[in-house]
Amino acid sequence: MPLRRAVIVPGNGAGNIEHCNWYGWAKKRVNEIPDVSCTLKNMPDPVTARESIWLPFMEKELKCDEETVIIGHSSGAAAAMRYAETHRVFAIILVGAYTSDLGDENERESGYFSRPWEWEKIKTNVKHIIQFGSTDDPFLPWEEQQEVADGLNTALHKYSDRGHFQNTAFPELIDAVKKLKTNS
């Protein structure tokens, strides 16, 4: 199956995601790639980002399937990984991915961190896994980002100056999607 769609799954607490971080900018740039459309919608339960609400939304409303790259940022990366444990998708691009609730009650309530990660199932269900992480992320210890890279054998783009990737533009992300399209 070729790459036809990109879906951006934001971090929690993003509000109107068209105007948050790089999300709206990336949607516009991905839609400029021939034969690829990008979906970006405000998520239900945007603060807690519960797995029990987000994963069905990703399947039914965002239509994540074997022709889709899921671009997940922060808790959206956790959602992308959990989704890929049980669904085939073309690719996942993980931005600011992590493996635990970080001792945070809201993260604990999301449900993503209540059981071990099924790395092998994710790798079986996904053709391509790309990860963006930064050692100066103020929210995520590098060890957790590295744990994702090791567990999934990701194509890791490691930075030391991007923080939690909350900038307004993200050209490397668009380059990654273009490369996936070329190789599909």
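To be clear, the structure that these remarks concern was listed above.
Residues numbered from 1 in each chain as written. Predicted model: local features only at pLDDT ≥ 70, side-chain atom pairs only at ≥ 80, totals over all residues. Heavy atoms only, no water.

Asks: I keep staring at the pattern of salt bridges and nothing clicks. Help me out?
Replies: Should their charged atoms come close, side chains of opposite charge can pair. Tallied over the full model, the rule gives eleven salt bridges. R115 is paired through a salt bridge with E51; the nearest N and O atoms lie 2.6 Å apart. Here R115 is found in the loop between α4 (105-110) and α5 (119-125), whereas its partner E51 is found in helix α2 (residues 51-60), with 64 residues between them in sequence. Owing to a relative accessible area of 32%, R115 belongs among the partly exposed residues under this scheme. Ionic pairing is found between E120 and K123, a salt bridge with its closest N-O pair at 3.0 Å. Note that E120 and K123 are positioned in helix α5 at a spacing of three residues, about one turn of the helix. By relative accessible area, E120 is classed as exposed at 54%. (Salt bridge = Lys/Arg side-chain N within 4 Å of Asp/Glu carboxyl O. Helix = DSSP H or I, 4+ residues; strand = E, 2+ residues; numbered from the N terminus. Buried < 20%, exposed > 50% of the residue type's maximum accessible area, 1.4 Å probe, protein only.)

Asks: Which parts of the structure should I look at to understand the pairing of strand β3 (residues 68-73)?
Replies: Remember that side chains alternate between the two faces of the sheet whenever the strand is regular. Counting buried residues along β3, six of its six residues qualify, which places the element largely inside the surrounding structure. Here β3 shows no split at all, with T68, I70 and G72 on one side and V69, I71 and H73 on the other all buried. In terms of strand pairing, strand β1 (residues 5-9) meets β3 through five bridges, oriented parallel. Directly across from R5, in β3, lies its bridge partner T68. Across five bridges, β3 lies against strand β4 (residues 89-95) in parallel orientation. (Pairing = 2+ DSSP bridges.)

Asks: Where do I start with empty space enclosed by the protein in this structure?
Replies: Over the atoms, a rolling probe the size of a water molecule traces out where space has been left empty. Across all of its chains, the model carries one cavity of 30 Å³ or more by this definition. There is about 40 Å³ of room inside the largest cavity. Residues that form the lining of the largest cavity fall into these classes: six nonpolar, four polar and no charged. (1 Å grid on protein atoms, 1.4 Å probe; cavity = no way out; pocket = protein on both sides within 12 Å on 5 of 7 lines; lining within 4 Å. Points joined across faces, edges and corners; volume = space filled by probe spheres on them. Nonpolar A, V, L, I, M, F, W, Y, C, P; charged D, E, K, R; others polar.)

Asks: Where do I start with the nonpolar core in this structure?
Replies: Ranked by size, the top nonpolar core spans 33 residues in total, and within it V9, M58, I70, M81, I92, L94 and I122 carry the most contacts. Listed in part, the 30 residues of the second largest apolar core include A14, V95, F132 and I174. (Core = buried A, V, L, I, M, F, W, Y, C linked by side-chain atoms within 4.5 Å.)

Asks: So what exactly am I meant to see when it comes to the side chain of R82 here?
Replies: Inspection of the secondary structure puts R82 in helix α3 (residues 75-86). Of the polar contacts made by the side chain of R82, one reaches the side chain of E85; its length is 2.7 Å. From its side chain, R82 meets the backbone oxygen of R115 in a polar contact 2.8 Å long. (Polar contact = N/O pair within 3.5 Å; in protein donor to acceptor, adjacent residues only side chain to side chain.)

Asks: Help me understand α2 in this model?
Replies: Residues lying three or four places apart along an α-helix face the same way, a consequence of the helix completing one turn every 3.6 residues. Along α2, the residues that are buried comprise E51, W54, L55, F57 and M58. On an axial view of α2, the arc spanned by its buried residues comes to 160°, and they lie on one face. Counted as exposed and oriented over 90 degrees from the buried face of α2: S52 and K60. Looking at the buried residues of α2, the elements they touch are β1, β3, α3 and α4. (Arc of directions from axis to C-beta. Contact = heavy atoms within 4.5 Å.)

Asks: Explain the side chain of H73 to me, please; I cannot follow it from the model alone.
Replies: As for its position among the elements, H73 is in strand β3. Here F165 takes part through its backbone oxygen, which lies 3.5 Å from a polar atom of the side chain of H73. The residues touching H73, leaving out its near neighbours within four places in the chain, are V9, P10, G11, N21, W22, Y23, V95, H164, F165 and Q166.

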